[in-house]
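Examination of the molecular architecture
Residues per chain are reported as follows:
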Amino acid sequence: MDKILFTTGIPNEFIDVHMPKANPTFSVIYIYGYRQYAKGAAVVCCEEMADIFDITIKDVEKAWKYWEKAGLVEIVSKGDNGLELAFLDARTVKPKKAQIKEITEYSLHDIEVHLKDKEVQRLFEVVHILMGKPLTDAERQMYLGFYDDLGLSVNVISVMLEYCIDKNKTHNNYLRTVARDWAERGITTEEEAENYIDLFNNEYRVILRNFGVSGRDPIEKEIEYMQRWLKEDGFDMSMIKLACEKTIMNKGSANFAYADGIFRKWKKDNIHTAEQVKELEKTYYDNVKSTRKPAVGAKDKGKQRAKFQNYEGRKWDYEKLAQMENEYLDRKIAE
């Protein structure tokens, strides 16, 4: 009998890229569901999977919502028998920002029904302890929305709340903003939440300081730029500091788009160190100098010296070169 009948081929892209970032339970659910899909099952039964892995049906549904946000499956329909899923090719999936639905306006009856879930009970207990006061009905509705609609786990909500308390920003509008942001970023584990806080509090703020910005959080567009420089392009903080300095010198203020143009040029030229930047600039200056007009003859020098004896030629050369460099950078960034 052919060996392939005894195996299920899990895409390497899932194992190498998606699995390390996911909650281990979510990964198990995906692999088991992929096996059922490979056998030809039209519907995945969440209740059956919950029994097999000794977890709640809601946890199974959260797992599939997570993988749908990651772009690996499509939830075609939801019926009494379970979920109809379509597994997508992991090799063609590009990370995308999750689309988060609006938070439900839960009634008091809804809360009572959800309180049968032990995780919801634990959620309210954790919030009560961290906030140091009983929850109002409105607050219970809000946190239930974080858990049930945004898909944030109790542990992630706990880390988020501690973060907001440390910043002394615990009013409900701010909590809703942070919760939605984390949900859209696909933060599903404590580790991911803590890593994001470290990134936000350390690297992002250092970059803002290098731009001369203080006293505020980065806006969404600035975060997108910084995330790309740090994570996608892989530039270290010394190179980011250098790009910030060049941006301030050339533009006179923080300009993330201009800095991003510098990084794109460095990436195109395979520049990753300050030494390589210096060499690139030296090559540029040498090229500029080589295009200057040849020196005049000895007989003409005396006439020119007499005519322009008060002219500081060397100073003019450097100012002109700096102007030409700025124009050159602007052209490259605009390309």
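This is a predicted model, so every value here is computed, not measured.

Description of the pairing of strand E1 (residues 73-79)
In the sheet, E1 pairs with strand E2 (residues 82-87) via 6 bridges, with the strands oriented antiparallel. Bridge pairing in E2 links Val 73 to Phe 87. Taking the residues between adjacent antiparallel strands as the criterion, E1 and E2 are bridged by 2 residues.

Quick word on helix H6 (residues 118-131)
With 14 residues, H6 should cover 20 Å at 1.5 Å per step; its first-to-last C-alpha distance of 20 Å lies within 8% of that length. Looking at H6, one finds that the buried residues are Val 120, Leu 123, Phe 124, Val 126 and Val 127. All buried residues of H6 project into a common sector of 160 degrees when viewed along the axis, lining one side. Relative to its buried face, H6 has exposed residues pointing more than 90 degrees away, namely Lys 118 and Ile 129. Buried-residue contacts for H6 involve helix H5 (108-114), helix H7 (137-148) and helix H8 (154-166).

A short note on a negative patch on the surface
On the surface, Glu 162, Asp 166, Glu 190, Glu 191, Glu 194 and Asp 198 cluster together to form a negatively charged patch. At the level of secondary structure, the elements contributing two or more residues to the negative patch comprise H8 and helix H10 (190-210). The element contributing the most residues to the negative patch is H10, with 4 residues.

Re the pattern of salt bridges
If you walk through the whole model with that rule in mind, you get 10 salt bridges. With its nearest N and O atoms 2.9 Å apart, the salt bridge here joins Lys 133 to Glu 139. Accessibility expressed as a relative area gives 12% for Glu 139, which makes it buried. Ionic pairing is found between Arg 185 and Glu 220, a salt bridge with its closest N-O pair at 3.1 Å. One end of the pair, Arg 185, is in the loop between helix H9 (172-184) and H10; the other, Glu 220, is in helix H11 (residues 220-232), and 35 residues separate them in sequence. Taking relative accessible area as the criterion, Arg 185 reaches 30% and is therefore assigned partly exposed. Counted as one network, the salt bridges with shared partners bring together Asp 181, Arg 185 and Glu 220.

Definitions and cut-offs
- Residues numbered from 1 in each chain as written.
- Predicted model: local features only at pLDDT ≥ 70, side-chain atom pairs only at ≥ 80, totals over all residues.
- Heavy atoms only, no water.
- Pairing = 2+ DSSP bridges.
- Helix = DSSP H or I, 4+ residues; strand = E, 2+ residues; numbered from the N terminus.
- Expected span 1.5 Å × (residues − 1).
- Buried < 20%, exposed > 50% of the residue type's maximum accessible area, 1.4 Å probe, protein only.
- Arc of directions from axis to C-beta.
- Contact = heavy atoms within 4.5 Å.
- Patch = residues over 30% accessible without salt bridge, like charges linked within 9 Å, V, L, I, M, F, W, Y side chains within 5 Å.
- Areas by Shrake-Rupley, 256 points an atom, 1.4 Å probe, with all protein chains shown as cover.
- Salt bridge = Lys/Arg side-chain N within 4 Å of Asp/Glu carboxyl O.
- Lys, Arg positive; Asp, Glu negative; His and termini not counted.
- Charge placed at Lys NZ, Arg CZ, Asp CG, Glu CD.

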